[in-house]
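# A look at the structure
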Amino acid sequence: MGDIKLEKSWLEQLRAEFDKPYMRALRQFLAAEKAAGKVIYPPGAEIFSALNSTPFDKVKLVILGQDPYHGPGQAHGLSFSVQSGVPIPPSLRNIYAELKRDLDIPTPRHGYLGHWADQGVLLLNAVLTVERGVAGAHQGKGWETFTDAAVAALNEARDHLVFLLWGSYAQKKGKVIDRRKHLVLESPHPSPLSAHRGFIGNGHFSKANDYLRRMGQQPIDWRVGEEA
């Protein structure tokens, strides 16, 4: 992981995690993988992009993913997002399809979700690194504990957040969330395998904005802007 560059408000919440045995073991694992010549995504500087893009005290809404994309040039630290110019992955195409159905937002030509992150949408994967071409290669190595700590901190210290939990993996990770003080919306995952079993039609984007308005907050502009 090299030198950790973590946004100040997140570092205050998660500083203790970096000294725990699981995190030392994770650092050693990543160093050994690199030493063995394995290519790891996303690049080191982008591993913590989700947290660095959306400070702790600015988070309004959380979208939990599972793993980074494992193809070349795809992962850049925000769940479901790819840099402009990279083909839009199938799950994100289905997210865009639901946005069109729910809020009549025209389908974007790119997959970069930085505009969401800038508005307080935390695009957090449960696992923050992956080996090139090997889906799930870094599961069970410690990242889940770290991102659980991030979710727990938000649950505890913030009020009236929205959590979008798509698929059983995210729903399991979100079990700690106090539904009396946060809005939790669940549906099947947007992947092509499950999107038509209830992701398409879930209305999560409009429901999230209705809740934010009721809580006196600015709703999310779900358009992703021009080519990034």
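Here's what I pulled together on the structure shown here. Along each chain, numbering runs from 1 in the same order as the chain's sequence is written. In view of the model being predicted, local features appear only for residues whose pLDDT reaches at least 70, and side-chain atom pairs are presented and counted only at 80 or more, with totals across whole chains, interfaces and linings using the full set of residues. Think of the side-chain values as coming from all heavy atoms in the structure, minus any hydrogens and water.

A few words on the pairing of strand β3 (residues 121-125). Each residue's exposure class comes from its accessible area (1.4 Å probe, protein chains only) as a fraction of the maximum for that residue type: buried when under 20%, exposed when over 50%, partly exposed otherwise. Strands are runs of DSSP state E lasting at least two residues, helices are runs of H or I lasting at least four, and both sets are numbered from the N terminus onward. Counting buried positions along β3 gives five out of five residues, so the element sits mostly inside the fold. Side chains of β3 alternate between two faces, with V121, L123 and N125 and L122 and L124 buried alike. The rule for pairing is simple: two strands pair if DSSP sees at least two bridges between them. Relative to β3, strand β2 (residues 61-65) runs parallel, the two sharing five bridges. The residue of β3 that forms the bridge with I63 is L123.

Turning next to the nonpolar core. Think of a nonpolar core as a cluster: buried Ala, Val, Leu, Ile, Met, Phe, Trp, Tyr and Cys residues, connected wherever their side-chain atoms sit within 4.5 Å. W10, I63, W116, W143, F146 and W222 are the most contacted members of the largest nonpolar core, which has 68 residues in total. For this core, the leading source of residues is helix α6 (residues 143-157), giving seven residues. Contacts of W10, omitting those with residues within four sequence positions, involve L51, T54, P55, F56, V59, L122, A150 and L154. Note on contacts: a residue pair qualifies if any of its non-hydrogen atoms lie within 4.5 Å across the two residues.

Position of K141 among the secondary structure elements: in the loop between β4 (130-131) and α6. It is 5.9 Å that separates the C-alpha atoms of K141 and L26, two residues lying 115 residues apart in sequence. Apart from residues lying up to four places away in sequence, K141 is in contact with Y22, L26 and F29.

Burial analysis of β2 places five of its five residues in the buried class, which makes it a mostly covered element. Residue alternation in β2 divides its side chains into two sets, L61, I63 and G65 and V62 and L64, and both sets are buried. For β2 and strand β5 (residues 162-166), the ladder comprises three bridges, and the chain directions are parallel. The residue of β5 that forms the bridge with V62 is F163.

Here we take up the packing of aromatic side chains. Working definition: a ring pair exists when centres of Phe, Tyr or Trp rings (six-membered ring for Trp) sit within 6.5 Å. Plane angles under 30 degrees give stacked, over 60 give edge-to-face, the rest tilted. What the rule picks out here adds up to twelve aromatic pairs. For the pair W166 and F199, a centre-to-centre distance of 5.0 Å together with 85° between the ring planes defines the contact as edge-to-face. Separated by 33 residues along the polypeptide, W166 in strand β5 and F199 in the loop between β6 (183-187) and α8 (204-214) bring together distant segments of the chain. Overall, the relative accessible area of 0% leaves F199 in the buried class. When the ring of F205 is compared with that of W222, the centres are 4.8 Å apart and the planes differ by 70°; the resulting orientation is edge-to-face. Of this pair, F205 sits in helix α8 while W222 sits in the segment after α8, and the two are 17 residues apart along the sequence. Taken individually, F205 and W222 each receive the classification buried, so the pair is uniform in this respect. One aromatic cluster is present, built from ring pairs that chain together F80, W116, W166, F199, F205 and W222.

Time to look at empty space enclosed by the protein. The definitions used throughout rest on a 1 Å grid laid over the protein atoms alone, on which a cavity is an enclosed set of points accommodating a 1.4 Å probe that cannot get out and a pocket is an open set flanked by protein within 12 Å on both sides along at least five of seven lines; lining residues are those having an atom within 4 Å of a point. Grid points are joined across faces, edges and corners, and a volume is the space filled by probe spheres set on the points. Going through the model one piece at a time under the given rule, you end up with one cavity of 30 Å³ or more. Its boundaries defined by the atoms lining it, the largest cavity holds a volume of some 30 Å³. Every residue lining the largest cavity is listed: P42, I47, P68, G77, N125, V127 and L128. Any residue that is not Ala, Val, Leu, Ile, Met, Phe, Trp, Tyr, Cys, Pro, Asp, Glu, Lys or Arg is counted as polar, Gly included; the first ten are nonpolar and the last four charged. When its residues are assigned to classes, the lining of the largest cavity shows five nonpolar, two polar and no charged.

Glancing now at the sheet that holds β5. With respect to topology, four strands assemble into an open sheet ordered β3-β2-β5-β6, the strand pairing being parallel. At either margin of the open sheet sits one strand with a lone partner, and together these are β3 and β6. On average, adjacent strands in this sheet sit at an angle of 20° to one another, irrespective of strand direction. Together, β2, β5 and β6 form the strand contacts of α8, whose direction differs from that of β6 by roughly 175°. To obtain an axis, a line is fitted to C-alpha atoms, over the contacting stretch when the element is a helix, and the angle between two such axes runs from 0 to 180 degrees between their N-to-C directions.

These results come straight from atomic positions and should not be treated as a statement about function.
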